[in-house]
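# Understanding the architecture of this molecule
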Amino acid sequence: MSDSQPQQPPPSPRSGRGEGGPGSPRGGRGEGPGAHPPAAEATALLLAGARLADGRTVDVRLGGGRIQAVGAAGSLPSAAPARVDLSGFLLLPAPAEPHAHGDTALTADAEGPVSYAPEQVQRRATEAALLQLGHGATALRSHVRIGGVQGLGALEAVLAARRSLHGLAELSAVAAPRLLTGTAGADGLAMLRDAVRMGASVIGGCPDLDPDPAGFVEAVLELAAEHGCPVDLHTDGDDPGRLARLAAMAGGMRPGVTIGPCGGLSRLPLETAHRAADRLAAAGVRVTCLPQGDCAALERRGLRTAPVRLLRAAGVRVAAGSGALRDAGNPVGRGDPLEAAYLLASQGGLRPAEAYDAVSAAAREAMGLPEVRVEAGFPAELLAVRGDRIAGVLSLAYSRIVIHRGRVVARTSAVREYCDSAVAVALDLPRQGRMEPGP
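Computed from a predicted structure; not experimentally measured.

### Digging into the nonpolar core
Core analysis: the largest hydrophobic core is formed by 82 residues, its most contacted members being Leu-155, Ile-259 and Leu-311. Among the elements that line this core, the one with the most residues is helix H4 (residues 213-227), at 7 residues. In this structure, Leu-311 is in contact with Leu-265, Ala-277, Leu-280, Val-287, Ala-306, Val-316 and Val-318, ignoring residues within four places of it in sequence. One finds Leu-47, Val-58, Val-374 and Val-408 within the second-largest nonpolar core, a separate group that totals 22 residues.

Here is the structure:
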C-alpha cells in the first residue's frame, strides 16, 4: 500500500445501544479526547516539504497520534517507514464540523417521504460524515431529532454510525427534542434523559419552537448540569429579550453553552444587536454561525448569516459550520468547512486567517476538543491543501490530504490541464500536474 493511501481502521468495537449507559464514565460519550479508547496508532509518518501558514517549509514527524517534531525541510531523520511528500501543499490544523445534521443529510432528492428507518439513517449519517471527512473535518457534531414518531431511533442510528467511523473521524451526537414544557413536554423531557443515557454527548433542541422558550432553556440547562453535558441550542436570535434571558441563565455554566445559527441577529437594529452580543459575551455563550444559510431545524427566514464581525468585536467566540448537507434546509449544501470559511471571508468581512480559525480552532473549542497547532506535542489532526496561502486554498481548495490521529484517512486529488497553447505557456498559468503514486 502506498504510504499516502488511507489505511483501514481497526474493527469497530461492538457494544450495546450507545457508547455510554447508566454508570458509564463521561469519557465514554463525550466529544473530547476521552470520547473513545485509543485506537491502534499507525506507525510513524513523515510529512515532507509542507508549507505552513507562516511561510516556512518544514518536515513534520507524526507518531502515537501526535506531532512528534517539526523541523526545517530535510532536517528530520528520514527513517520513518511511511513518508508523504507535501511539496506544494499548505499544512493546517484540521477543521471540525460543529453543526451537522446527519439524520436528515442527503435526503433532498428522496422520492416520496423521507425514511427514518434506523438502517437508512445510519447509512445517511455515515455517508455524510465521510463526505465531510473528505473535505477535512476530522471531528463532527451532529444534531439529531428525538421524539415524535421517530422516538430515539434516529439517535440510535447516528450512534451506530459513530461507532462504525471510529478510527476515521470523531462523530458526536446532540439530542434535539422539539418540546420540553407543558403536558406534551413531559414525554420530551423523559426521552431526553434516555438519550443522554444512550450516549448523546450534548443536549440541544430549538427553544424557539416550544410554547415556553425560557422554560425549554431552563429544562435543558438543568439536565445538562446534572449530567455534565455541554449544551448546543438552535435559535434564530431575532428576539433580544429571549437572548438576554438565555444569557442570564447560561452564564458561567460549564462545560459550556453554544447557540446558533443566530441569523436573526443581523435583522435587529444595530444598537440592539450590540447589546445582545455584549450579554452573550459576558455569559460566555458561544455562537456557531452557518454561512450557507439556515438549516432545516428552523423556518427559513432569509439567508443572512449571524453578524460575525459584530459578535467577535463584543468578545463572543464564533465558530462556523456547514449546516444542511443536501436536505430540506439546502438541497445543494456541500458540508465543506473550507466553503464556510470562504463565505466568511468573501461576504462576512473576515480576513482569510480569521475565517479559517472559525472552522478550525473555534470549532474545536466549541466542541470541547483539544487545541491543534502544527507544533510538537499537539494532536496530529491535520489538513494538507494544495496551495501556499490560506486565501488561495479558500478560493481553490481542490486537492486535499486529511490526517486523523496521525495517519492519512482521506485524500482528494484534482488535475488541471490545458491544451497545447502558446498563450498558456507564455503566461505560465498555474496548473495542478498529475501526482505521482502516493502521497
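Picking up where we left off.
### Topic: the confidence of the model for the protein chain
Chain-level statistics for the protein chain give a pLDDT mean of 87 and a share of 85% at 70 or above. Considering only residues more than four positions removed or in separate chains, one finds that residues 1-30, a stretch of pLDDT under 50, has 78 contacts. Scored below 50 in pLDDT, residues 32-40 shows 21 contacts in the model against residues more than four places distant or in partner chains.

### Overview of the packing of helix H5 (residues 240-250) against helix H6 (residues 270-283)
The contact between H5 and H6 brings their axes to 8 Å, and the two run at 15°. Considered as vectors, H5 and H6 are oriented roughly parallel to each other. Remark: the crossing between H5 and H6 carries left-handed chirality. On the side of H5, the interface is formed by Pro-240, Leu-243, Ala-244, Ala-247 and Ala-250, while H6 contributes Thr-272, Ala-276, Arg-279, Leu-280 and Ala-283. Taken together, the residues that form the contact of H5 with H6 break down as 8 nonpolar, 1 polar and 1 charged.

### Let's talk about the sheet that holds strand E7 (residues 139-146)
Spatial strand order, E6-E7-E8-E9-E10-E11-E12-E13: 8 strands in an open sheet with parallel pairing. This sheet does not close on itself; its edge strands, each paired only once, are strand E6 (97-100) and strand E13 (318-320). When strand polarity is set aside, the average angle formed by the axes of neighbouring strands in this sheet is 25°. The sheet contact formed by strand E11 (residues 257-261) and strand E12 (residues 286-289) spans 2 bridges and is parallel. Within E12, the residue paired with Thr-258 across the bridge is Arg-286.

### As for the pairing of strand E5 (residues 89-93)
Where burial is concerned, most of E5 is hidden: 4 out of the 5 residues are buried. Inspection of the sheet shows E5 paired to strand E14 (residues 382-386) by 5 bridges, in the antiparallel sense. Pairing of Phe-89 across the sheet is with Arg-386, part of E14.

### As for the pattern of salt bridges
Opposite charge on two side chains permits them to pair, given that their charged atoms come into close proximity. If you walk through the whole model with that rule in mind, you get 19 salt bridges. Residue Arg-242 pairs with Asp-208 through a salt bridge whose shortest N-O separation is 3.6 Å. With Arg-242 in helix H5 and Asp-208 in the loop between strand E9 (202-205) and H4, the pair connects residues that are 34 residues apart, well separated along the chain. For Arg-389, the salt bridge is made with Asp-388, and the minimal N-O distance between the two is 3.4 Å. The network of salt bridges with shared partners includes Arg-286, Arg-317, Asp-357 and Glu-365.

### Structural notes on H4
The terminal C-alpha atoms of H4, which comprises 15 residues, lie 21 Å apart, in line with the 21 Å expected from a rise of 1.5 Å per residue. Listed in full, the buried residues belonging to H4 are Pro-213, Gly-215, Phe-216, Val-217, Ala-219, Val-220, Leu-221, Leu-223, Ala-224 and His-227. As for H4, its buried residues are in contact with strand E8 (170-177), helix H3 (182-198), E9, strand E10 (231-235), H5 and E11. Gly-228 lies just past H4 and shows a positive phi near 70°.

### A closer look at the environment of Cys-229
Within the secondary structure, Cys-229 sits in the loop between H4 and E10. As for Cys-229 and Arg-254, which are separated by 25 residues in sequence, their C-alpha atoms are 8.2 Å apart.

### So, H6
Along an α-helix, residues three or four apart share an orientation, since each turn contains 3.6 residues. Taking 1.5 Å per residue as the helical rise, H6 with its 14 residues ought to reach 20 Å, and the 20 Å between its terminal C-alpha atoms agrees with that figure. Buried residues of H6: Thr-272, Ala-273, Ala-276, Ala-277, Leu-280 and Ala-283, and no others. Viewed along the axis of H6, the buried residues span an arc of 135°, placing them on a single side of the element. Exposed residues pointing more than 90 degrees away from the buried face of H6 are listed as Leu-270, Glu-271 and Ala-282. The positive-phi residue at the C-terminal boundary of H6 is Gly-284, with phi of around 75°.

### Section: the packing of aromatic side chains
Considering all chains together, one arrives at 0 aromatic pairs under this definition. Over the face of the ring belonging to Tyr-116 we find Arg-124, whose NZ or CZ atom lies 5.3 Å from the ring centre.

### Thoughts on the pairing of E11
Across the 5 residues of E11, 5 count as buried, placing the element largely inside the fold. Traced from E10 through H5 to E11, the parallel crossover comes out right-handed. As for the winding sense of the linkage, the β-α-β connection from E11 through H6 to E12 is right-handed.

### Re the state of the cysteines
Across all of its chains, the model carries 0 disulfides by this definition. For Cys-289, which is in no disulfide, the shortest distance to another cysteine sulfur is to Cys-262 and amounts to 9.2 Å.

### Let's talk about the environment of Val-257
Within the fold, Val-257 resides in strand E11. Through-space distance from the C-alpha of Val-257 to that of Gly-284 is 7.6 Å; in sequence the pair is 27 residues apart. In this view, Val-257 contacts Leu-221, Val-231, Ala-250, Gly-284, Val-285 and Arg-286; residues no more than four positions away in its chain are not counted.

How each quantity is defined
Every chain's residues receive numbers from 1 upward, in the order its sequence appears when written. Since the coordinates come from a predicted model, pLDDT governs what is reported: local features require at least 70, and pairs of side-chain atoms require 80 or more to be given and counted, while whole-chain, interface and lining totals use all residues. Side-chain descriptors were evaluated using all non-hydrogen atoms of the structure, hydrogens and water having been removed beforehand. To define a nonpolar core, start from buried Ala, Val, Leu, Ile, Met, Phe, Trp, Tyr and Cys residues and group those joined through side-chain atoms within 4.5 Å. The buried label applies to any residue whose accessible area, calculated with a 1.4 Å probe on protein chains only, is under 20% of its type's maximum; exposed applies above 50%, and partly exposed to all values in between. We count a stretch as a helix when DSSP gives it H or I for four or more residues in a row; a strand needs E for two or more, and each element gets its number in order from the N terminus. In this analysis, two residues are considered to be in contact whenever any of their non-hydrogen atoms come within 4.5 Å of each other. Each residue carries a pLDDT score, the predictor's own confidence in it, on a scale running from 0 to 100. Only the stretch in contact is used when a helix axis is fitted, and all axes are lines through C-alpha atoms; the angle between N-to-C directions ranges over 0 to 180 degrees. Any angle that falls under 35 degrees is termed roughly parallel, while one over 145 is termed roughly antiparallel, one within 65 to 115 roughly perpendicular, and all others oblique. Left-handed describes a crossing in which the near helix is turned anticlockwise from the far one by less than a right angle; the clockwise case is right-handed. The nonpolar class holds Ala, Val, Leu, Ile, Met, Phe, Trp, Tyr, Cys and Pro. Asp, Glu, Lys and Arg form the charged class, and all remaining residues, Gly among them, are polar. Two strands qualify as a pair provided DSSP detects at least 2 bridges between them. Whenever Lys or Arg places a side-chain nitrogen within 4 Å of a carboxyl oxygen from Asp or Glu, that contact is recorded as a salt bridge. Take the residue count of a helix, subtract one, and multiply by 1.5 Å to get its expected span. Within this analysis, the arc is defined by the directions that extend from the helix axis to the C-beta atoms. For Phe, Tyr and Trp, rings pair up if their centres lie within 6.5 Å, where Trp contributes its six-membered ring, and each pair is then called stacked (planes under 30 degrees apart), edge-to-face (over 60) or tilted (otherwise). A ring is scored as having a charge over it whenever the NZ atom of a lysine or the CZ atom of an arginine sits within 6 Å of its centre and within 35 degrees of its normal. Handedness of a crossover is defined as follows: with both strands directed away from the viewer, a clockwise route from the first strand across the helix to the second makes it right-handed. The disulfide criterion is simple: two cysteine sulfur atoms within 2.5 Å.

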